[in-house]
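Structural overview
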Amino acid sequence: MGDWVYYVLRYRNIYFAKEYRYDDPDGLGVGVKVLRSMRRPNAIATHRQVLGEILDGLKTPSHSLVLMKDGEYPPPPFHLRRERKQLENSHWIDWQWIYEIDLDRNIFHIDGMPFFSLECLPDDEAFIQYISEDHYGNLACASQCLPEHKYKRPTPPTVDNSDLTTYQSFMCTGSHVALSDLLAINDFLSPGEHIRVSFLEVMLISDHNQLTDDQWSIAYFMASIAFVPLIFDDILRVHRPELKRKEFTWVREDTVVCIATHLDDERCLQASVSRLINEIMEQKDNSGGYFGIAFSVYHCALVKVVKDAHTMTFSHTNALQFLPSFYADSPSTPGITALARLGFRIDPALFERVMKICRRNAFLEMRNKTGGLLAHGANGSDDMSPNIICPALPLELWKEIALHLHCFELIPFGLVSKLFRKVASTILHYPHLGGYRLVAAPRRKPTYDLPDQHLSLHTASFPAARAGIPAAVHVGLQFKDKLSENFTLTPLIVGYYDFLVVDISANS
């Protein structure tokens with residue numbers, strides 16, 4: 001770590017930033033000085049007044065140097081920036097700490113994480129004690145921090161009665177429906193669902209420390225990962241389109257996602273359900289069942305809309321906790337389970353979706369290894385090509401044959417005929433990491449010889465197979481030994497130039 005500290009003031013969504021060299025061993029001394037300055041009488045009002053005068057005097061806010069006034073402020077130069085990204089991307093200095101005073105929301109941030117309410121700050125000793133790590137190893141406010149010192153979540157927005165019109169106009173067959181009833185499935189997870197739930201738990205928690213309140217791309221990534229083809233590999237082999245910010249995103253032909261807030265508030269939940277119903281009514285003319293997902297990172301709610309020629313009914317779950325708490329002892333939440341089970345449904349378009357994300361490089365690699373592609377495509381008929389002699393084997397035997405193929409070989413295999421495509425889709429329904437197919441959920445918590453007692457929150461060891469050879473895939477860890485094959489996957493673009501990076505290791 002470096003010996004620099006960044007001190008930041010935010011006002012009117014503009015960031016005033018100054019770098020400090022510190023003399024104390026850990027850099028907390030600067031944080032204590034910032035804390036003391038904000039505990040002075042009328043500190044919030046004084047800071048707002050001075051910064052407001054500076055901003056009012058600027059014709060156009062720029063990245064130029066701004067001279068701060070009064071003895072309450074550190075001496076110049078103070079750098080003016082529009083976005084937090086510009087602070088976090090200052091890579092030419094190795095920052096030890098970033099202390100941010102958010103005068104727009106009255107929050108004391110440390111390294112981008114909200115810690116304290118500016119209206120009730122702790123004393124110096126408690127301040128240092130409260131800077132801790134959560135069970136995921138990330139910087140966090142200690143669990144013993146007094147409630148009056150913790151930052152306050154924004155209050156729910158006001159929901160106008162007109163936003164609830166749709167909810168009140170159609171027949172609601174259930175407002176707090178159990179997931180099994182909504183999806184018409186068993187209460188207990190099937191083996192395939194268990195794999196998907198466990199896989200999503202460790203994948204989502206890998207991104208836990210990147211979460212901020214205003215990162216839409218993180219929220220959409222978390223909501224949609226349950227519905228993308230679960231084929232994850234090096235970006236040169238698997239490429240997914242960059243996320244586009246829209247009010248509604250159809251993750252499948254019958255499933256739509258909208259990003260919401262404060263779903264734990266009943267009126268906000270009903271307003272989000274109304275928005276989803278309106279979107280489904282506008283976009284889908286055919287009769288049938290459709291699903292909507294209201295997602296706020298902290299919670300999610302599932303909506304089912306059933307249309308026929310003359311009527312429309314809907315039902316929905318309550319707000320389900322999605323993100324585990326920072327001090328959780330288990331990665332499991334009702335929301336992750338709900339999205340995983342909804343995403344596990346058979347997807348008729350799965351094979352086509354896999355073809356779209358797999359790059360040509362992957363096929364060329366397989367061709368070089370096997371001496372040629374398995375097939376060059378077919379016209380979609382039920383019969384085999386006349387040039388291919390294949391005995392009339394049952395579906396189960398073709399599946400056994402396909403299980404011995406690499407996941408990228410399944411695509412040319414599936415192009416041979418509709419029968420082969422059905423077989424390939426069945427296998428592609430399972431998660432694949434670095435060419436390994438996860439065949440079962442982790443049987444027990446991993447017992448790695450490492451000091452982190454909460455390691456099982458963000459790591460898992462899956463029974464797997466590649467080309468028919470059994471293996472074990474460890475997600476979230478890398479073992480640097482000759483028996484393991486190490487990968488770093490970048491399967492999804494989370495934001496602008498940001499990737500979710502997942503470390504996996506495998507050994508046969």
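Here the structure is shown first, and the text comes after it.
Predicted model only: the values in this text are computed from it and were never measured.

1. What to know about the overall build of the chain
- Looking only at helices and strands, the chain has 15 helices and 23 strands in total.
- In the chain, which comprises 508 residues, the proportion classed as buried is 51%.
- Accessible area for the chain stands at about 24900 Å²; split by element, carbon and sulfur atoms hold 52% of it.

2. A look at the pattern of salt bridges
- The full count for this structure, using the stated rule, is 14 salt bridges.
- Residue Glu 247 pairs with Arg 275 through a salt bridge whose shortest N-O separation is 3.4 Å. Of the two residues, Glu 247 sits in the loop between strand S11 (231-232) and strand S12 (248-252) while Arg 275 sits in helix H9 (residues 266-283), which places them 28 residues apart along the sequence.
- Close ionic contact of Glu 253 with Lys 284 constitutes a salt bridge, the shortest N to O distance being 2.8 Å. Residue Glu 253 is found in the loop between S12 and strand S13 (255-259), and its partner Lys 284 is found in the loop between H9 and strand S14 (288-295); the two are separated by 31 residues along the sequence.
- By relative accessible area, which is 62% here, Glu 253 ends up exposed.

3. Let's talk about helix H11 (residues 350-357)
- Those residues of H11 that fall on the buried side of the exposure criterion are Leu 350, Phe 351, Val 354 and Ile 357. What you see down the axis of H11 is that its buried residues fit within an arc of 130°, all on one side.
- Looking at the buried residues of H11, the elements they touch are S11, helix H14 (410-414) and helix H15 (418-428).

4. Thoughts on the nonpolar core
- Phe 199, Met 222 and Phe 295 are the most contacted members of the largest nonpolar core, which totals 48 residues.
- Sort the elements by how many residues they give to this core and helix H7 (residues 191-205) lands first, with 7 residues.
- Within the second largest apolar cluster, 36 residues are counted, among which are Val 5, Tyr 11, Val 34 and Phe 115.

5. A few points about the packing of aromatic side chains
- A full pass over the atoms with the stated rule returns 12 aromatic pairs.
- Ring geometry for Phe 413 against Phe 420: centres 4.4 Å apart, planes inclined by 10°, an arrangement best described as stacked.
- Classification of Phe 413 as buried rests on a relative accessible area of 6%.
- By relative accessible area, Phe 420 is classed as buried at 4%.
- Chaining the aromatic ring pairs together yields one cluster made of Trp 97, Tyr 99, Phe 108, Phe 115, Phe 116, Phe 127 and Tyr 130.
- Looking at Arg 153, its charged tip hangs above the ring of Tyr 298, at a distance of 5.1 Å from the centre.
- Looking at Lys 284, its charged tip hangs above the ring of Trp 250, at a distance of 4.7 Å from the centre.

6. Comments concerning empty space enclosed by the protein
- This model, assessed by the stated rule, comprises 4 cavities of 30 Å³ or more.
- Here the largest cavity is characterised by a volume of approximately 60 Å³.
- Around the largest cavity, the lining comprises 14 residues; the ones closest to its centre are Leu 403, Leu 405, Arg 437, Ala 465 and Ala 467.
- Each residue belonging to the lining of the largest cavity can be placed in one class, and the counts come to 8 nonpolar, 4 polar and 2 charged.

7. Focus on the environment of Val 32
- The residue Val 32 is located in helix H1 (residues 28-39) in this model.
- C-alpha separation for the pair Val 32 and Ile 128, spaced 96 residues apart in sequence, amounts to 8.1 Å.
- For Val 32, the contacting residues outside a window of four places in its chain are Asp 124, Phe 127 and Ile 128.

8. Here we look at unusual backbone geometry
- Positive phi is not limited to glycine here, since Ala 184 has a value of about 55°.
- Looking at the element boundaries, Ala 184 is found in the loop between helix H6 (179-183) and H7.
- We note that Ala 467 has phi near 55°; this positive angle belongs to a residue other than glycine.
- Positionally, Ala 467 belongs in the loop between strand S20 (460-466) and strand S21 (469-475).
- You can call Ala 467 partly exposed: its relative accessible area is 34%.

9. What to know about the pairing of strand S6 (residues 107-110)
- Burial along S6 is two-sided: Ile 107 and His 109 facing one way and Phe 108 and Ile 110 facing the other are all buried.
- In terms of strand pairing, S6 meets strand S7 (residues 113-117) through 4 bridges, oriented antiparallel. Each bridged residue has a counterpart across the sheet, and for Phe 108 the counterpart in S7 is Phe 116.
- Between S6 and S7, which pair antiparallel and follow one another directly, the connecting turn spans 2 residues, one of which, Asp 111, has a positive phi of 50°.

Criteria and cut-off values
- Residues numbered from 1 in each chain as written.
- Predicted model: local features only at pLDDT ≥ 70, side-chain atom pairs only at ≥ 80, totals over all residues.
- Heavy atoms only, no water.
- Helix = DSSP H or I, 4+ residues; strand = E, 2+ residues; numbered from the N terminus.
- Buried < 20%, exposed > 50% of the residue type's maximum accessible area, 1.4 Å probe, protein only.
- Areas by Shrake-Rupley, 256 points an atom, 1.4 Å probe, with all protein chains shown as cover.
- Salt bridge = Lys/Arg side-chain N within 4 Å of Asp/Glu carboxyl O.
- Arc of directions from axis to C-beta.
- Contact = heavy atoms within 4.5 Å.
- Core = buried A, V, L, I, M, F, W, Y, C linked by side-chain atoms within 4.5 Å.
- Phe/Tyr/Trp six-rings, centres within 6.5 Å; stacked < 30°, edge-to-face > 60°.
- Lys NZ or Arg CZ within 6 Å of the ring centre and 35° of its normal.
- 1 Å grid on protein atoms, 1.4 Å probe; cavity = no way out; pocket = protein on both sides within 12 Å on 5 of 7 lines; lining within 4 Å.
- Points joined across faces, edges and corners; volume = space filled by probe spheres on them.
- Nonpolar A, V, L, I, M, F, W, Y, C, P; charged D, E, K, R; others polar.
- Pairing = 2+ DSSP bridges.

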